[in-house]
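# Residue-level structure breakdown
Here is what each chain is made of, one letter per residue.
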Amino acid sequence: MAVSIAVESPLQDDVRILVAELNATLLELTPPEFAFHLTAEQMAAPDTTVFIARDNGAAAACGALKRHDGGIGEVKRMYTRASHRGRKIGAMIVEQIEALARAEGLKRLVLETGDRHPAAWTVYERTGFTRCGPVLDYPDSKWSVFYEKSLAS
């Protein structure tokens, strides 16, 4: 069976485990004060839509669209389990996030990722994002890399 991606609640037990893995992975690579996590409860907020990739029913990857004022959407909580990396699942989730953002009329997507996440940079650059300066209210630090993508037609 192929990997399927759908909008799901982050409050499911297997998604909570996936988010916990994501948080642990980020803390291995980034100082805690520069790891901008959302809890599963925060991910369940009305301004956020969570996409879950499943392989034979098991949660394998996640990503989210968080909406901000000014027509800005933020790509958040991107993570693919090690067992599923290299299969372009992250790119598929980013494409779903972008499609939803466009359907809602958002003008721009932005994101913050870590300075030690080259695989993430590849995903974002292959899906048309370009590096930029700090976005939203993130501090400018050596631990962060910022990306943006215009959704204007």
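Residues numbered from 1 in each chain as written. Predicted model: local features only at pLDDT ≥ 70, side-chain atom pairs only at ≥ 80, totals over all residues. Heavy atoms only, no water.

This next bit is on the environment of Pro31. Assignment of secondary structure puts Pro31 in the loop between helix H1 (13-29) and helix H2 (40-43). On the accessibility criterion, Pro31 (17% relative accessible area) is buried. Separated by 112 residues in the primary sequence, Pro31 and Trp143 place their C-alpha atoms 8.0 Å from one another. (Helix = DSSP H or I, 4+ residues; strand = E, 2+ residues; numbered from the N terminus. Buried < 20%, exposed > 50% of the residue type's maximum accessible area, 1.4 Å probe, protein only.)

Right, let's talk about unusual backbone geometry for a bit. Backbone geometry at Asn56 places phi at a positive 50°, although glycine is not the residue there. For Asn56, the position within the fold is in the loop between strand S2 (48-55) and strand S3 (58-68). By relative accessible area, Asn56 is classed as exposed at 56%. In this model, Arg77 sits at a positive phi of 55°, which is unusual for a non-glycine residue.

Moving on to the layout of surface pockets. Looking at the largest pocket, its volume works out to about 860 Å³. Listed by contribution, the elements that provide at least two residues to the lining of the largest pocket are H1, strand S4 (72-80), helix H3 (89-103), strand S5 (108-114) and helix H4 (118-126). Residue composition of the lining of the largest pocket, grouped by class: 17 nonpolar, eleven polar and eight charged. (1 Å grid on protein atoms, 1.4 Å probe; cavity = no way out; pocket = protein on both sides within 12 Å on 5 of 7 lines; lining within 4 Å. Points joined across faces, edges and corners; volume = space filled by probe spheres on them. Nonpolar A, V, L, I, M, F, W, Y, C, P; charged D, E, K, R; others polar.)

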